[in-house]
Amino acid sequence: MRRRPRAIRSDHCSLCGGAVLGVECSSVLPDPHREPVFMSANSPVNLLLIFGSATFYLYVLSRNLPHATYKRESVSEEESQEQRSLTFPSDLEELRAIAGLLYSYKAEHTGYVLLLFCSAYLYKQTFAIPGSSFLNILAGALFGPWLGLALCCVLTAIGATFCFLLSRAYGKQFVVRRFPEKLAILQEKVQENRNSLFFFLLFLRFFPMTPNWFLNITSPILNVPLTHFFFSIVVGLLPYNFICVQTGCILSEISSLDILFSWSILVKLLAIAMVALVPGAVIKHCSHHQLGEKVKNGHVDNGRKTQ
């Protein structure tokens, strides 16, 4: 018996709407010329490589401090090696020990100590690692009040800018999924103060309870201009950096770091933050006044035309 030929199945793809002749649509098949996800520019793998490279660089830098002639001959090799390996301080005693060690090294190796301090500061700021206040205090102990303050202000702004750029390249999906409610609230406030955005950012930086790391990672998602972001950090964190650096200048005299969070200091920072709101409020008031005048004039002109 002669077999009847099979009819060719013809469907329509739900993705592209085109006819499919018994095969899957090419739109759902992997494109052989498409770059794999792990090789794309915005892949999280690249972020891990950046973080790993920076960590390795800082580790090598901190573990290979140059020898100094101030060391006593009675110091053993193990003690010498322990002194020449550094970690981030976590309390006042560790901070004093590191400050004393680096201050002694600075007499002979100023450039190396400066490089180590800048690298550590940028590392913490770039990857939003808590504990920058310890480094602000260390800057005062090592470099004095004015050079220490200048270093802290510049390094804070540069490190936060690196964090801004990393978040824009790799962190959008993570931030949106991890902090949806906080991001929505901040976005609403940014839109309300778009005409005076710089002064609003200054207020947030001046305000002592603002989580600066959160502002750093969310600003690119909220389309905050990079120039506004950078200079708001330089100016906005100046009072807090000044207080920390001044504390570092008297590091040997203080008994607790609670002095940084005393009520008097918090009230002063809060007062500065409120002052930063004044220019923004004036700009907003003037904008609303001009808008009202334009709307009023528009109604008048329309009335004249109808007559």
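A brief structural summary. All values reported here derive from a predicted model rather than from experimental measurement.

On the surface, Phe56, Tyr59 and Val60 cluster together to form a nonpolar patch covering roughly 320 Å² of accessible area. With respect to the element layout, valine 60 can be found in helix H1 (residues 44-63).

In terms of nonpolar packing, the biggest core is built from 36 residues, with Leu102, Leu116, Phe117, Ile137, Leu138, Phe143 and Leu251 touching the most fellow members. Mapped onto this core, the elements with two or more residues apiece are H1, helix H3 (92-106), helix H4 (110-126), helix H5 (132-143), helix H6 (145-178) and helix H11 (238-249). Other than its neighbours up to four places away in sequence, isoleucine 137 contacts Leu95, Cys244, Thr247, Gly248, Leu251, Leu257 and Leu260. In terms of nonpolar packing, the next biggest core, distinct from the first, is built from 26 residues, Leu204, Phe214, Ile217 and Ile233 among them.

Note on placement: alanine 184 falls in helix H7 (residues 180-192). Take alanine 184: its relative accessible area is 40%, and that puts it in the partly exposed class. Considering only alpha carbons, one finds alanine 184 and leucine 222, 38 residues apart in sequence, at a separation of 9.6 Å.

Tracing the sequence through the fold places tyrosine 123 in helix H4. Judged by its relative accessible area of 10%, tyrosine 123 falls in the buried class. It is 8.9 Å that separates the C-alpha atoms of tyrosine 123 and phenylalanine 51, two residues lying 72 residues apart in sequence. Among all residues touching tyrosine 123, those that are not within four sequence positions of it are Phe51, Ala54, Thr55, Leu58, Phe88 and Ile129.

Definitions and limits used
Residues numbered from 1 in each chain as written. Predicted model: local features only at pLDDT ≥ 70, side-chain atom pairs only at ≥ 80, totals over all residues. Heavy atoms only, no water. Patch = residues over 30% accessible without salt bridge, like charges linked within 9 Å, V, L, I, M, F, W, Y side chains within 5 Å. Areas by Shrake-Rupley, 256 points an atom, 1.4 Å probe, with all protein chains shown as cover. Salt bridge = Lys/Arg side-chain N within 4 Å of Asp/Glu carboxyl O. Helix = DSSP H or I, 4+ residues; strand = E, 2+ residues; numbered from the N terminus. Core = buried A, V, L, I, M, F, W, Y, C linked by side-chain atoms within 4.5 Å. Buried < 20%, exposed > 50% of the residue type's maximum accessible area, 1.4 Å probe, protein only. Contact = heavy atoms within 4.5 Å.

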